[in-house]
Amino acid sequence: MSAVIEFQHVTKIYKRMFSEEKLAALSDVSFEMPPGQVCAFLGPNGAGKTTSISMLMGFFFPTSGKIRVFGKPPGDMLAKEQLGFLPENFAFHKFLTAPKLLRFHLQLAGRNPANAGNLIADLLNKVKLNGYENLKIGRYSRGMVQRIGIAQALLCDPKLIVLDEPTSGLDPAGRREVLQLLAQLKAEGKTIFLSSHILPEVEQIADHVIIINRGKMVRSGRLQDLLASGGQVEIVADRVPPELAQGVFRGALLESVQQGVRVLVEAARKREAVEALWAAGCDVIAMTPQRNTLEELFLKEVDRPGGAQ
Amino acid sequence: MKLRAIALNTFSSLLRNKIIIVFCAGCVCVLLLMLTPLLVLRNGRGAQNAEMMQMAVLPLIASMMQFISGFGSLLAAWAAADAVAGEMRSGTILAMLARPVRRWEFLLGKFLGVQLMMFVFVLIMLGLNYLLAWIGGASIQTNPWVLIVYPMVRYMIYSALGILLVTVMHPILAFCIVLVTMIGAGLVAPGNAETFMPDWLRTGLFYVFPSSNLLSETRFLTITRATLRAAVWTDHAIALVYGLDYALVCFLLAAWIFRSRSLSRD
C-alpha cells in the first residue's frame, strides 16, 4: 500500500531578509505514513511541528527534500480534494454562522451547497454545535471555534485528516468527545495525522508516533513497539534464592507479592534472569513487559542530550 | 463557484471592515462640507446670485467629483490590500487554501470581491453626479456607461496594484506607495503644468505610473451641452484597453509572487 504522506530528507531553513542569519526549523526529516492509521506527530514547542504541517499543506516550501501527499506534491489540487485540515488556533470569518461557514467551504471545495442541508446538520450534530446555527462565529467560545474547525475539516469526507492541536482550548469533556470522534474516524478507515501536546490522549488513539525535537526526528515507529521497547520486564517467581538475589538480580528491584517474589529486570536481561530462576529450581509464574507511557517516552527522547538519532 | 464564493465572502468582509467604514464616513463628511456652499448658492435668489451660481457651481461640482473619484482609487487600493492581508493576519487564509483552491484563484476571488464593492461605490458616485448637477441647476449630458466603466477600470488598476504590493509588504506600506503613485501619476501627466522635474524623468515616470488622467471619467463628465466634448469609440477603446492591460499586468505579477510566498498567520 502506498504511503499517504511521505517526507524524504526534508530540510527547512528560515532566512531573514537582508541578513545572514539562518534558522534550521527542520533538518533531514524522513518518514512515511501508511493509509488507515492515526499518526501522532509530537515534539516540544518550537520543535518544527507546525512548520512540517505547513509544508505538508503546501503553505511553506522545503529548502531541500521532497514531500508527497497521496503521491502528489503538497498543494496539488487532487491531493487537496482528499484532505481535511484543522490549523493550530483556527480562525474563521467572524461574521458567518456555522452553517454559512460550512457552505462557504463546500463551495471552495467545488461542491454545490444547495443540497447540503443534511450534511451540515449531521456535522454540527457530530461536533455538538447543533442549536447554535444562528450564532455568529465571532461570538463563539474558544472551544466552539475548535469544534467548528473540526467540522470543516471533516466536511468533504476526506481520506486524510491533518489536525494541528485539535483538542487545544477544549475542556476535558470536549477533549473526550474529540477523541471519541477521532476513534470513530479511525474505525471508518480514515488516515489521521495529528499534532498534540496532550500525550495521554494521543496514546489512546495513535497507531504510529513520530517525535521531533529541534527540527530533527528523534524517534518514529509503531506506538506499541515504542512503548514496549527499552523498558523493563516484570518477573513473578514463587521464590528467589539469596544467591540469585546477590548474583543475577543484584541491583534489581525485588519485592514480595502474594504469589511469591516480584522482580523488575531490564528487558535485555529477561532470558538470563528466567534461565537462572529455572536453573535454581524456582517456578516462574508470570513474565510481563512493563510498558512506558507515551509521556515517559516523549520526555526521555526530548531530554536526551544531543536530541537526534 | 470557488471564485464566486471567495468574491462574495470578500465583499461581505469589506462591508464590515471598520477601516473602510471610517474611511467612507470621512469621505461623506468632507462631501457634506463641500456641499454647503452649493446649497447656500442654490437657496439664494436674484440675478446676482444666478451669475455667481453659473461661475461657482461647475468648478465646485468638478472638484467634488474629482475628490470622490480620487478617494475611490485609494479605497480600491486599500480594500484590495486589506482583503488579502486581512486573511493572512487572521489566519483564515490557511483554511481557505487547504481546500482545492489555487493561489491565483484566491487572489482573483479577492480581486473580484473588491471590484464588486467598487461597483457599488461607482453606482453611488453616479447617483451623486446626477444629484449634484440637479442641485447646481444643470444636467449631465455624458453617457452613463462612461461614468461607470472608466472609474471601474481605474479602480481595477489601483486594486491590482494594491494586491501586487501587499504580496510583498505590509498593507499600510502598500497603501502609502499607491498614494505616492497616484500623486506621481497626476504630476507627470502630459496636461500638468508642473515642470520641476527633468523631461526624461517625467516621461519615464509617465510610462511607469498608471495614467489616471487618461482613465479619468471627468474628461467626459460634461455638465452642460455647451461644454460637450465628443470622443470617438477608438478613444474609449484605447483608454480602457490600456487600463485593463495595466491592471492585468499588476495582477499577473501579484499571482506570480504569491505562488511562492510562504503563508502563515501573521
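What counts as what
- Residues numbered from 1 in each chain as written.
- Chains lettered and ligands numbered in written order.
- Predicted model: local features only at pLDDT ≥ 70, side-chain atom pairs only at ≥ 80, totals over all residues.
- Heavy atoms only, no water.
- Axes fitted to C-alpha atoms, helices over the stretch in contact; angles between N-to-C directions.
- Helix = DSSP H or I, 4+ residues; strand = E, 2+ residues; numbered from the N terminus.
- Left-handed = near helix turned anticlockwise from the far one by under 90°.
- Pairing = 2+ DSSP bridges.
- Contact = heavy atoms within 4.5 Å.
- Buried < 20%, exposed > 50% of the residue type's maximum accessible area, 1.4 Å probe, protein only.
- Polar contact = N/O pair within 3.5 Å; in protein donor to acceptor, adjacent residues only side chain to side chain.
- Salt bridge = Lys/Arg side-chain N within 4 Å of Asp/Glu carboxyl O.

Participant: Help me understand the packing of helix α5 (residues 103-135) of chain B against helix α6 (residues 144-166) of chain B, please; the structure alone is not making it clear to me.
Facilitator: What describes two packed helices is the angle between their axes and the distance between those same axes. With their axes 9 Å apart at the nearest point, α5(B) and α6(B) run at an angle of 145° to one another. Once α5(B) is placed against α6(B), the crossing between them reads as right-handed.

Participant: When you look at the sheet that holds strand β7 (residues 191-195) of chain A in this model, what are you seeing that I'm missing?
Facilitator: Hydrogen bonds between backbone groups are what pair the strands of a sheet, and the pairing can be parallel or antiparallel. Residues and elements named next belong to chain A. Ordered by their spatial adjacency, six strands build an open sheet running β5-β6-β7-β3-β8-β9, and the pairing between neighbours is mixed. Every interior strand has two partners, whereas the edge strands, β5 (83-86) and β9 (216-222), have only one. Across the sheet, the mean angle from the axis of one strand to that of its neighbour is 10°, orientation sign disregarded. Sheet strands in contact with helix α5 (residues 142-153) are β5 and β6 (160-164), and its direction is about 170° off that of β5. Against the sheet, helix α11 (residues 294-303) engages β3 (38-42), β8 (208-213) and β9, with an angle of about 30° to β8.

Participant: Explain the side chain of S196(A) to me, please; I cannot follow it from the model alone.
Facilitator: Residues and elements named next belong to chain A. In this fold, S196 is placed in the loop between β7 and α7 (199-205). The class for S196 is buried, based on a relative accessible area of 4%. A polar contact is formed between the side chain of S196 and the backbone nitrogen of I198, at a distance of 3.0 Å. For S196, the contacting residues outside a window of four places in its chain are F41, L42, E165, T167 and V202.

Participant: Got a minute to help me understand the pattern of salt bridges in this structure?
Facilitator: Two side chains carrying opposite charge are able to pair once their charged atoms lie near each other. Residue and element names in this part refer to chain A. In total, this model carries 11 salt bridges over all chains according to the counting rule given. Where K186 meets D207, a salt bridge forms, and the shortest distance between an N and an O atom there is 3.0 Å. One end of the pair, K186, is in helix α6 (residues 172-187); the other, D207, is in the loop between α7 and β8, and 21 residues separate them in sequence. Of the charged contacts in the structure, one is a salt bridge between R262 and E234, with a shortest N-O distance of 2.3 Å. With R262 in strand β12 (residues 260-266) and E234 in strand β10 (residues 232-237), the pair connects residues that are 28 residues apart, well separated along the chain. Classification of R262 as buried rests on a relative accessible area of 16%.

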